[in-house]
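Examination of the molecular architecture
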Amino acid sequence: MKICRFGNDRLGLVDGSDVLDVTAALDLLPPTQYPLPNYDLLVAHLSELFPVLDQLRLTAQRQPLSGVRLLSPVANPGKIIAAPVNYVKHLEEVLADPTLHHNNHINHIERAGLFLKATSSLVGMSAGVSFNQSERRTDHEVELVVVIGKTCKNVERRDALSCVAGYCVGLDMTIRGPEERSMRKSPDSYTVLGPWLLTTDELPDPGNLKLTLQVNGETRQSSNTSQLILDVEALIEFASRFYTLQPGDLIFTGTPEGVGPVHVGDKVHAFIEGIGELDVEIIEDVKWV
Ligand code: MN
């Protein structure tokens, strides 16, 4: 299934070039009260909702996908985990260019570990990326994103993929500079997720997927998830030794070589084989409050 969120917090199933409105399924989620759970309620109950979604699909209102605003397919991830330098050729390009590493400690990922991006930085592709500091260099990073499907801890490799709800295309937008990654990669809108959540029944193996990124039609990044240093299973093993993983938690798996700057007005197109594509515009700084 391709599950999307669109418009005014509607829930949709993507069917070809259409979206089917299945928002009624949200009524079946358990009622919540303060304090709210620190995981995503929809992803936590997704497998129970599959039969309901299949039923709703038969009579759902249908509209062209091209006419809707796509939101982040996961509304409330408890955490956004991300892998630094997880493709060999990206590690080499970072080490070769001082403007990329700013004397930050660049290590093999097993030494560098993972980092967290603020959940408040998350948007869907229709929101665009609003430039935080126009005088600073901001780069694009296309990444395969894993959406965790169940609560798990100390996961072993052979069980790792059973903890996954699905996959998305992600952009880990990054201000270059000397600050901690968590600061440079967490301004509002610097985490883009979409276009939908593709459930694992439609993508059993995330380990051999082409991924590309273009800016204004020019190809900047082109690689394959087979080039990951730590693959999806290894990232889940690694992350779950430190954090209890919860439904809706996101793991940005790292970006391949070819990162580069974007500017206001640029149109970014990101693609991952089998999942889908994102079209994201770089826009002027927006006041978010
Ligand atoms: Mn990244």
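Structure report, in brief. (Residues numbered from 1 in each chain as written. Predicted model: local features only at pLDDT ≥ 70, side-chain atom pairs only at ≥ 80, totals over all residues. Heavy atoms only, no water.)

Further remarks concern the side chain of Ser 72. Counting through the fold element by element, Ser 72 comes out in the loop between strand 5 (70-71) and strand 6 (80-82). For Ser 72, a relative accessible area of 7% puts it in the buried group. Within the local environment of Ser 72, its side chain forms a polar contact with the backbone oxygen of Val 74, the two atoms lying 2.7 Å apart. (Helix = DSSP H or I, 4+ residues; strand = E, 2+ residues; numbered from the N terminus. Buried < 20%, exposed > 50% of the residue type's maximum accessible area, 1.4 Å probe, protein only. Polar contact = N/O pair within 3.5 Å; in protein donor to acceptor, adjacent residues only side chain to side chain.)

A few words now on the packing of aromatic side chains. Across all of its chains, the model carries 1 aromatic pair by this definition. Taking the centre distance of 6.0 Å and the plane angle of 85° together, the rings of Phe 238 and Phe 242 count as edge-to-face. Note that Phe 238 and Phe 242 are positioned in helix 7 (residues 232-242) at a spacing of 4 residues, about one turn of the helix. Given a relative accessible area of 11%, Phe 238 falls into the buried group. A relative accessible area of 61% means that Phe 242 is categorised as exposed. (Phe/Tyr/Trp six-rings, centres within 6.5 Å; stacked < 30°, edge-to-face > 60°.)

Moving on to the coordination of the manganese ion. In this structure, Glu 141 (OE), Glu 143 (OE) and Asp 172 (OD) serve as the protein donors to the manganese ion, at separations of 2.0 to 2.1 Å. Sequence spacing of the donors to the manganese ion: E-x1-E-x28-D. Exposure class is identical for Glu 141 and Glu 143. Each is buried. (Donors = N, O, S within 2.8 Å, 3.2 Å for Na, K, Ca; no water.)

Moving on: the sheet that holds strand 10 (residues 138-140). With respect to topology, 3 strands assemble into an open sheet ordered 13-10-18, the strand pairing being antiparallel. Among the strands making up the open sheet, the edge pair consists of strand 13 (174-175) and strand 18 (260-261). Pairing geometry for strand 10 and strand 13, over 2 bridges, is antiparallel. Residue pairing across strands places Thr 138 opposite Ile 175, the latter belonging to strand 13. (Pairing = 2+ DSSP bridges.)

This next bit is on the sheet that holds strand 20 (residues 276-283). If you trace the 5 strands from one edge of the open sheet to the other, you get 9-20-19-15-16, paired in mixed fashion. Two strands close off the open sheet at either side, each with one partner strand: strand 9 (129-130) and strand 16 (218-224). In this sheet, strand 16 lies alongside strand 15 (residues 210-215) in antiparallel orientation, the contact comprising 6 bridges. Opposite Gln 214, over in strand 16, you have Thr 219 as the bridge partner.

This part is about the nonpolar core. One broad rule of soluble globular proteins: the nonpolar side chains tend to lie buried together. Core analysis: the largest hydrophobic core is formed by 57 residues, its most contacted members being Leu 171, Ile 236 and Ile 275. Put simply, the parts of the chain that give this core at least two residues each are strand 1 (2-6), strand 11 (142-148), strand 12 (164-172), strand 14 (191-199), strand 15, helix 7, strand 19 (267-272) and strand 20. Counting residues per element, this core draws most heavily on helix 7, which supplies 6 residues. In terms of nonpolar packing, the next biggest core, distinct from the first, is built from 28 residues, Val 43, Ala 82, Leu 197 and Phe 252 among them. (Core = buried A, V, L, I, M, F, W, Y, C linked by side-chain atoms within 4.5 Å.)

Moving on, we come to the pattern of salt bridges. A pair can form between side chains of opposite charge whenever their charged atoms are brought close. Under the criterion given, the structure shown has 18 salt bridges. Residue Lys 79 pairs with Asp 249 through a salt bridge whose shortest N-O separation is 2.6 Å. Here Lys 79, found in the loop between strand 5 and strand 6, pairs with Asp 249, found in the loop between helix 7 and strand 17 (250-252); they are 170 residues apart in sequence, far enough to count as distant. With a relative accessible area of 15%, Lys 79 lands in the buried category. (Salt bridge = Lys/Arg side-chain N within 4 Å of Asp/Glu carboxyl O.)

The next subject is helix 7. Note that an α-helix has 3.6 residues per turn; residues three or four places apart therefore point the same way. Counting buried residues in helix 7 gives 8 out of 11 residues, a clear majority hidden from the surface. Buried within helix 7 we find Val 232, Glu 233, Ala 234, Leu 235, Ile 236, Phe 238, Ala 239 and Ser 240. Tucked inside the fold, the buried residues of helix 7 contact strand 6, helix 5 (109-112), strand 11, strand 12 and strand 17. (Contact = heavy atoms within 4.5 Å.)

Assignment of secondary structure puts Arg 137 in the loop between strand 9 and strand 10. Expressed as a C-alpha distance, the spacing of Arg 137 and Val 147, which sit 10 residues apart in the sequence, is 29 Å. Here Arg 137 is in contact with Thr 99, Leu 100, Thr 174, Ile 175, Arg 176, Val 259, Gly 260 and Pro 261, once residues within four sequence places are set aside. In terms of polar contacts, Arg 137 uses its side chain to reach the side chain of Asp 139, at 2.8 Å.

Before going further, it helps to examine the pairing of strand 15. Extensive coverage of strand 15 is indicated by the burial of 5 of its 6 residues. Taken together, strand 15 and the strand that follows it, strand 16, pair antiparallel across an intervening segment of 2 residues, in which Asn 216 is found at a positive phi of about 50°. Pairing of strand 15 with strand 19 involves 5 bridges; the strand directions are antiparallel. Bridge pairing links Val 215 to Val 268 in strand 19.

We now examine helix 3 (residues 88-96). Along helix 3, the positions that sit buried rather than exposed are His 90, Leu 91 and Val 94. Taken end-on, helix 3 shows its buried residues confined to a sector of 105°, consistent with a single buried face. Among the exposed residues of helix 3, those pointing more than 90 degrees away from its buried face are Lys 89 and Ala 96. Here the buried face of helix 3 lies against helix 4 (98-101). (Arc of directions from axis to C-beta.)

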